[in-house]
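# Summary of structural features
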Amino acid sequence: AVPRTRILATGGASHNKKILQVLSDVFNAPVFTIDTANSACLGSAYRAMHGLVAEKNVSLADVVKLAPEPRLAVTPTPGAEEV
């Protein structure tokens, strides 16, 4: 079975529930957010950490396991996929 689509919203617009709801309704998928002001910097930091441990055969997936779990922000409005 194919896992359901999930959207991870970051950046300034991720604080606007109405924008998140539109995303959720259009893609018929739940939208999750993280409590990080600058997600691009966070991604860069994880890649840098991965580079430091690369010679120990540590995968990027293992490095980001320490990241906080995204929080569910909104779910699709029932019937939105019909519109």
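Residues numbered from 1 in each chain as written. Predicted model: local features only at pLDDT ≥ 70, side-chain atom pairs only at ≥ 80, totals over all residues. Heavy atoms only, no water.

We now examine the overall build of the protein. What the protein contains, in helices and strands, is three helices and three strands. Its C-alpha radius of gyration of 16 Å places the protein more than 25% over the 12 Å reference for a compact globule of 83 residues. Taking the principal axes of the C-alpha coordinates as reference, the protein spans close to 50 × 35 × 15 Å. Sorting the 83 residues of the protein into buried and exposed places 23% on the buried side. Across the protein, the centroid of the 8 positively charged side chains sits 5 Å from that of the 7 negatively charged ones. (Helix = DSSP H or I, 4+ residues; strand = E, 2+ residues; numbered from the N terminus. Rg over C-alpha atoms; globule rule 2.2 N^0.38 Å. Buried < 20%, exposed > 50% of the residue type's maximum accessible area, 1.4 Å probe, protein only. Lys, Arg positive; Asp, Glu negative; His and termini not counted. Charge placed at Lys NZ, Arg CZ, Asp CG, Glu CD.)

Summary statistics for the protein give a mean pLDDT of 86 and a share of 96% for residues scoring 70 or more. Of all secondary-structure elements in the protein, the lowest mean pLDDT belongs to helix α2 (residues 39-53), at 85, while strand β3 (residues 71-74) reaches the highest, 95. (pLDDT = per-residue confidence, 0-100.)

What follows is about unusual backbone geometry. Positive phi outside glycine occurs at Asn 28, with the angle close to 50°. Relative to the elements of secondary structure, Asn 28 occurs in the loop between α1 (17-27) and β2 (31-33). At Asn 57, a position not held by glycine, the phi torsion is positive, near 60°. Within the secondary structure, Asn 57 sits in the loop between α2 and α3 (60-64).

Applying the stated criterion across every chain yields a total of one salt bridge. Between Lys 65 and Asp 62 there is a salt bridge, and its shortest N-O distance comes to 3.2 Å. Owing to a relative accessible area of 63%, Lys 65 belongs among the exposed residues under this scheme. (Salt bridge = Lys/Arg side-chain N within 4 Å of Asp/Glu carboxyl O.)

A separate point is the packing of aromatic side chains. This structure, assessed with the given rule, holds zero aromatic pairs. Seen from the ring of Phe 32, Arg 6 lies directly overhead, with NZ or CZ sitting 4.3 Å from the centre. (Phe/Tyr/Trp six-rings, centres within 6.5 Å; stacked < 30°, edge-to-face > 60°. Lys NZ or Arg CZ within 6 Å of the ring centre and 35° of its normal.)

Bringing the side chain of Thr 33 into the picture now. Residue position: Thr 33 is located in strand β2. Look past the residues within four positions of Thr 33 in its chain and what remains in contact with it is Leu 8, Ala 9, Ser 14, Leu 20, Pro 70, Arg 71 and Ala 73. (Contact = heavy atoms within 4.5 Å.)

This brings us to the sheet that holds β3. The strand order across the open sheet formed by three strands is β1-β2-β3, and the pairing between neighbours is mixed. Unpaired on one side and paired on the other, β1 (7-9) and β3 mark the two borders of the sheet. Taking each pair of neighbouring strands and ignoring which way they run, the sheet shows an average axis angle of 45°. One ladder, built from three bridges, connects β1 with β2; its direction is parallel. Directly across from Ala 9, in β2, lies its bridge partner Thr 33. Sheet strands in contact with α1 are β1, β2 and β3, and its direction is about 85° off that of β3. (Pairing = 2+ DSSP bridges. Axes fitted to C-alpha atoms, helices over the stretch in contact; angles between N-to-C directions.)

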